[in-house]
Amino acid sequence: MDFSRQHLKNALFVLVVSILVTGLAHGVTLEAFPKTLNRSGDNVTLQWKGIPSPSDMDWLGIYSPADSADDNFIGYIFLSSCPTWKEGSGSVELPLINLRSPYEFRVFHWDKSQITNTTPVDSDHNPLPSTAHLLAKSESVTFRNLNDPAQLHLAFTSNEDEMRVMFVTKEEIKSYVRYGSDEGELDEVAEAESLTYKQSEMCDAPANTTLGWRDPGYIHDAVMQGLKPGKRYFYQVGSDQGGWSSVQSFVSRDKDSDETIAFLFGDMGTSVPYRTFLWTQEESKLTVKWLKRDIEELGDKPSFISHIGDISYARGYAWLWDSFFTQIEPLASKVPFHVCIGNHEYDWPLQPWKPEWAATVYGTDGGGECGVPYSLKFHMPGNSSFLTGTSAPSTKNLYYSFDLGVVHFLYISTETNFLRGSDQYAYIEQDLKNVDRSKTPFVVVQGHRPMYTTNYELRDAPLREKMIEHLEPLLVEYKVNLVLWGHVHKYERFCPLRNLSCGTTGMGADFPVHVVIGMAGQDYQPKWEPRPDHPTDPIYPQPARSFYRSSEFGYTRLHATREALTLSYIGNHDGQVHDLLEIHQKIGGKASWSWIRFFKASSLFLVGTLFGFIVGYLLYSRKEKVKWTGLKTYEF
C-alpha cells in the first residue's frame with residue numbers, strides 16, 4: 001500500500017513537471033519564424049497558442065545564448081501587449097541583434113499572487129517576472145552568419161591622414177578593411193588587430209555574473225592610411241572566411257579647412273524593443289533620427305560626433321552594448337564617433353582613485369564593468385591610461401585632443417585623477433599651452449560631470465569644487481571658448497564663467513562659456529536646484545549665471561569658421577533649433593578677443609540678421625529672460 005502511494009506520488013510529480021516545464025499537457029505551443037535571419041536587425045515572428053487561463057502578466061522571455069538558464073533572459077515582453085492575448089493565443093514581431101549566439105524564446109505563466117517581498121526587482125523597483133511556471137519553448141533562431149562583421153564605427157587617430165574603423169565578429173578571424181576613393185575599386189587593404197575580454201576581468205556584479213555577462217566576440221581595429229584631405233572614401237570590413245560588410249563611406253579630415261562641423265551630446269544610451277533589468281532610453285531613437293538627417297545633408301563636408309560619457313548605459317548587462325553599437329552604426333559608419341568616459345562606464349566600489357572628499361561622488365554606477373568594454377570597444381587618439389588595480393586591462397580613452405578645421409577639441413576624464421600633480425592635469429595644461437590659435441582660433445573642452453549646473457546634484461558638489469579649484473584656472477588662462485558637459489540630463493547654457501560669477505559678455509570676454517548637453521536620451525531627470533522657501537519647486541527666476549535651460553531631449557550642432565563659432569541646440573520633438581550661442585573670435589598676435597551673442601531660437605525665424613546682431617549686442621550685459629521648461633513627453 002505504501003509502495004503504491006509512493007508510486008502514485010512519483011507519477012503525479014512527473015505529470016506536474018511535464019505540465020510546467022514542457023507545456024505539452026496544456027497544448028501550449030510557441031513557434032518562431034524564420035529560423036534563420038540574414039542580418040542584425042531582421043525581424044522574427046513569435047506565435048503562441050493554447051494558453052488555457054491567460055493572465056495579463058504572462059510573458060515571453062528572450063534568451064541568447066539559447067541554452068541560458070530561465071532566470072538569465074536578456075529581456076521579456078508581456079503577452080498582453082498582443083490584442084488577442086485573452087484568447088490564449090497571439091503573435092509579436094521582434095527585431096533581433098546578432099549577439100553571435102542563437103536565440104530561444106520561452107512563455108511563462110505569471111500572476112500577482114506570485115509577487116512577494118522577496119521577488120527580485122529591476123532598476124525601477126518593478127518586480128521581475130517569475131520563471132516558476134514554464135509553458136512552452138520555441139526552437140532556436142540563429143543568424144545565417146554569426147561571424148558577420150557588425151557594429152562598425154569610425155574614429156580619428158593622432159595622424160590627420162588616417163581614419164580608424166572598428167567592428168566585431170564572433171570568432172578570432174584575421175580581418176581587414178579594404179578602401180579607396182572609388183566605390184568599385186577598393187584597392188587599399190589594412191589588416192585589423194583583434195582583441196577580446198573575459199568575464200573574469202569584470203570587477204563587480206552584474207558584469208561578472210552569468211546574469212549580466214555575454215561573450216563580446218572579437219573586436220577588430222584597423223586604420224586606413226594615406227588619405228587625402230577632405231575627400232570621400234569608400235570602405236568595407238571583414239574577410240573572405242567570415243564575410244564582408246556592405247560598402248560604407250566617409251569624408252576624410254581636412255587640416256586646412258576653414259570650417260568645422262560637429263554634433264555633440266551626452267548620456268544617450270540605447271533603446272531595446274523589450275523590457276529588461278534596466279530602464280533603457282527610448283528617446284535615443286529620435287536623437288539618432290535627427291542626427292542621421294543632419295549628416296545626410298552635409299554632403300561631402302567632413303564632420304564628427306562627440307558623445308561625452310554615459311554612452312550605452314549597459315551597466316553590466318553586456319547585450320546593451322551590442323544594442324547601442326547597432327543603433328549608432330548608421331551614423332558611426334559614416335562619420336567618426338568620439339567619446340569620453342562617464343560614471344556609467346567606469347565607477348565601481350574598488351576603483352583606484354577615490355580620495356576621501358569623493359566618498360559621495362564615485363559609487364557603483366558602472367555595474368562592475370570598471371571601464372573594460374569602454375576601453376576596448378573604442379580607440380581614441382593618444383595613449384592615456386589608468387591602472388585598474390585588478391586583473392582587468394588598464395582604463396583607456398581618458399584624455400586626448402585633436403584639431404578639426406578651425407577648432408581644437410580637448411577631452412578630459414572626470415572619473416580619474418585630474419588634480420594638480422596628476423598625469424591628466426599635466427596633459428591638459430600642456431595641450432592648452434600648445435594650441436596654435438592662428439590655426440585653430442577656437443578651443444572646445446569636453447568632459448562628463450559638469451563643473452557648473454543649477455541642477456539639484458548634491459552628490460557631485462565636492463567634485464565641482466575641486467574642478468573649479470584645479471581645472472578652471474587653466475580654462476581661463478588659456479582662453480578656452482566653450483566647455484561642454486554631460487551627466488545632467490538637461491540642456492543648460494551659462495554666461496561666461498569664472499568661480500561662479502559671470503564675466504563680461506562684450507569685448508574682451510576671456511571666460512569660457514559652459515553648456516550642459518546631457519539630454520540625448522536618458523530620461524531620469526533630476527530636479528533643478530530648489531528654492532530655499534519652496535524645496536520642491538525649481539528656482540525661478542533662474543540664477544543669474546544660468547542663461548537658458550530646458551528638459552527637451554536633443555543634441556547640439558557646432559559650426560565654426562575662422563570668424564565665429566555657433567552652437568545650436570536641436571530639440572527632438574521637432575528637429576528644430578531651440579537655442580543658439582555664437583562666439584566671435586579675432587586673433588591679434590598671441591592674444592585673442594571675443595564677443596559673445598545669445599538669443600532664443602524662437603526669435604531666429606522672426607528677425608533679420610541685422611536685428612539679431614543688435615539684439616545680441618544689447619544682451620551682452622543682462623541675462624536672457626527664459627523660463628524653465630519642464631520635462632516634455634511626446635508620442636511618435
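Per an unreviewed UniProt entry, the chain is named Purple acid phosphatase, and its organism is Wollemia nobilis. Recorded under Catalytic activity (unreviewed entry), the UniProt text for the chain is reproduced unchanged: "a phosphate monoester + H2O = an alcohol + phosphate". A UniProt comment under Subunit (unreviewed entry) is attached to the chain, and it reads "Homodimer."

Scanning the chain for helices and strands turns up 9 helices and 37 strands. Buried residues in the chain amount to 58% of all 636 residues.

Taken together, 4 strands build an open sheet; the order of strands is S5-S4-S7-S8 and the sheet is antiparallel. The sheet is open, and its two borders are formed by strand S5 (75–78) and strand S8 (133–137), each paired with just one other strand. Geometrically, the sheet is characterised by an average inter-axis angle of 30 degrees between neighbouring strands, direction not taken into account. Judged from the 4 bridges that link them, strand S4 (residues 59–63) and S5 form a sheet pairing that is antiparallel.

With that settled, the discussion passes to the nonpolar core. If you look at the biggest cluster of nonpolar residues, it comprises 139 residues, and the most contacted ones within it are Phe 105, Phe 409, Leu 482 and Leu 558. No other element matches the 8 residues that helix H3 (residues 319–332) contributes to this core. Among the domains, domain 1 (29–143) and domain 2 (255–584) are the pair contributing at least three residues each to this core. When residues no more than four places from it in sequence are discounted, the contact partners of Leu 558 are Thr 260, Ile 261, Ala 262, Leu 264, Val 407, Phe 409, Val 444, Leu 482, Leu 565, Thr 566 and Leu 567. Counting residues in hydrophobic clusters, the runner-up holds 32 residues, among them Phe 418, Val 443, Val 445 and Cys 495.

The next point concerns the side chain of Ser 271. Its place among the elements puts Ser 271 in the loop between strand S19 (259–265) and helix H2 (284–297). Note on Ser 271: relative accessible area 12%, which makes it buried. There is a polar contact of 2.9 Å between the side chain of Ser 271 and the side chain of Glu 282. With residues up to four places along the chain from it excluded, the contact list for Ser 271 reads Thr 280, Gln 281, Glu 282, Ser 284, Lys 285, Ser 323 and Gln 327.

Right, let's talk about the sheet that holds strand S11 (residues 163–169) for a bit. The 4 strands are arranged S10-S11-S15-S14 in an open sheet whose pairing can be described as antiparallel. Each edge of the open sheet is held by one strand with a lone partner, namely strand S10 (150–155) and strand S14 (193–195). Taking each pair of neighbouring strands and ignoring which way they run, the sheet shows an average axis angle of 20 degrees. In the sheet, S11 pairs with strand S15 (residues 218–224) via 7 bridges, with the strands oriented antiparallel. Looking across to S15, one finds that Val 168 is bridged to Ile 219.

All right, on to the packing of aromatic side chains then. For the coordinates displayed, the defined rule picks out 39 aromatic pairs. Judged by centre distance (6.1 Å) and plane angle (75 degrees), the ring pair of Phe 324 and Phe 337 falls under edge-to-face. With a gap of 13 residues between them, Phe 324 in helix H3 and Phe 337 in strand S21 (residues 337–340) connect regions that are remote in the sequence. Judged on exposure class, the residue Phe 324 and its partner Phe 337 are both buried. Connected via pairs of aromatic rings, a cluster forms that spans Trp 59, Tyr 63, Phe 73, Tyr 76, Phe 78, Phe 108, Trp 110, Phe 277, Tyr 317 and Trp 319. Over the face of the ring belonging to Trp 244 we find Arg 178, whose NZ or CZ atom lies 3.6 Å from the ring centre. The positively charged end of Lys 289 is found above the aromatic ring belonging to Trp 290, 4.4 Å away from the centroid.

Now for helix H7 (residues 461–470). Within the sequence span of H7, burial applies to Leu 463, Arg 464, Met 467, Ile 468 and His 470. Against helix H6 (423–433), helix H8 (472–477) and strand S27 (482–485) lie the buried residues of H7.

Here we take up a negative patch on the surface. A surface patch of negative charge is lined by Asp 182, Glu 183, Glu 185, Asp 187 and Glu 188. Mapped onto the fold, Glu 185 is located in the loop between strand S12 (176–180) and strand S13 (188–191).

This part covers the environment of Gln 236. Inspection of the secondary structure puts Gln 236 in strand S16 (residues 232–239). Gln 236 sits 50 residues away from Leu 186 along the chain, and the two C-alpha atoms are 8.1 Å apart. There is a polar contact of 2.9 Å between the side chain of Gln 236 and the side chain of Arg 178. From its side chain, Gln 236 meets the backbone oxygen of Ser 245 in a polar contact 2.8 Å long.

As a further point, take the side chain of Arg 100. Here Arg 100 lies in the loop between strand S6 (90–95) and strand S7 (104–109). The class for Arg 100 is buried, based on a relative accessible area of 4%. At a separation of 2.9 Å, a polar atom in the side chain of Arg 100 contacts the side chain of Asp 322. Those residues in contact with Arg 100 that lie beyond four places of it in its chain are Leu 146, Gln 151, Val 168, Thr 169, Lys 170, Asp 215, Pro 216, Gly 217 and Asp 322.

Now for the pattern of salt bridges. Pairing between side chains of opposite charge can happen when their charged atoms approach one another. The full count for this structure, using the stated rule, is 17 salt bridges. One salt bridge connects Glu 469 with Lys 466, and the closest N-O pair in it is separated by 3.9 Å. Of the two residues, Glu 469 and Lys 466 are both situated in helix H7; the distance of 3 residues between them amounts to about one turn of the helix. Here Arg 493 makes a salt bridge to Asp 579, at a shortest N to O gap of 2.7 Å. Of the two residues, Arg 493 sits in strand S28 (residues 491–498) while Asp 579 sits in strand S36 (residues 577–588), which places them 86 residues apart along the sequence. Here the two residues Arg 493 and Asp 579 agree in accessibility, since each one is buried. Ionic contacts of the salt-bridge type, sharing partners, join the residues Asp 347, Glu 415, Arg 449 and Asp 460 into one network.

This part is about the state of the cysteines. Applying the stated criterion across every chain yields a total of 2 disulfides. One disulfide bridge connects Cys 203 with Cys 370, the sulfur atoms lying 2.1 Å from each other. Taking the sign of the S-S torsion, 75 degrees for the link of Cys 203 and Cys 370, the bridge is right-handed. Of this pair, Cys 203 sits in the loop between S14 and S15 while Cys 370 sits in the loop between helix H4 (343–346) and helix H5 (372–377), and the two are 167 residues apart along the sequence. For Cys 495, the disulfide goes to Cys 502, at an S-S distance of 2.0 Å. The S-S bond linking Cys 495 to Cys 502 shows a torsion near -90 degrees; that makes this disulfide left-handed.

Look at the link from Ser 64 to Pro 65: it is a cis peptide, with omega at 0 degrees. On the secondary structure map, Pro 65 appears in the loop between S4 and S5. Here the residue pair Ala 205 and Pro 206 is connected by a cis peptide bond, since its omega of 0 degrees sits within 30 degrees of zero. Structurally, Pro 206 is set in the loop between S14 and S15.

What counts, and where the lines are drawn
Residues numbered from 1 in each chain as written. Predicted model: local features only at pLDDT ≥ 70, side-chain atom pairs only at ≥ 80, totals over all residues. Heavy atoms only, no water. UniProt positions renumbered as here; feature names shortened; annotations may be inferred. Helix = DSSP H or I, 4+ residues; strand = E, 2+ residues; numbered from the N terminus. Buried < 20%, exposed > 50% of the residue type's maximum accessible area, 1.4 Å probe, protein only. Pairing = 2+ DSSP bridges. Axes fitted to C-alpha atoms, helices over the stretch in contact; angles between N-to-C directions. Core = buried A, V, L, I, M, F, W, Y, C linked by side-chain atoms within 4.5 Å. Domains from an automatic or database assignment. Contact = heavy atoms within 4.5 Å. Polar contact = N/O pair within 3.5 Å; in protein donor to acceptor, adjacent residues only side chain to side chain. Phe/Tyr/Trp six-rings, centres within 6.5 Å; stacked < 30°, edge-to-face > 60°. Lys NZ or Arg CZ within 6 Å of the ring centre and 35° of its normal. Patch = residues over 30% accessible without salt bridge, like charges linked within 9 Å, V, L, I, M, F, W, Y side chains within 5 Å. Areas by Shrake-Rupley, 256 points an atom, 1.4 Å probe, with all protein chains shown as cover. Salt bridge = Lys/Arg side-chain N within 4 Å of Asp/Glu carboxyl O. Lys, Arg positive; Asp, Glu negative; His and termini not counted. Charge placed at Lys NZ, Arg CZ, Asp CG, Glu CD. Disulfide = S-S within 2.5 Å.

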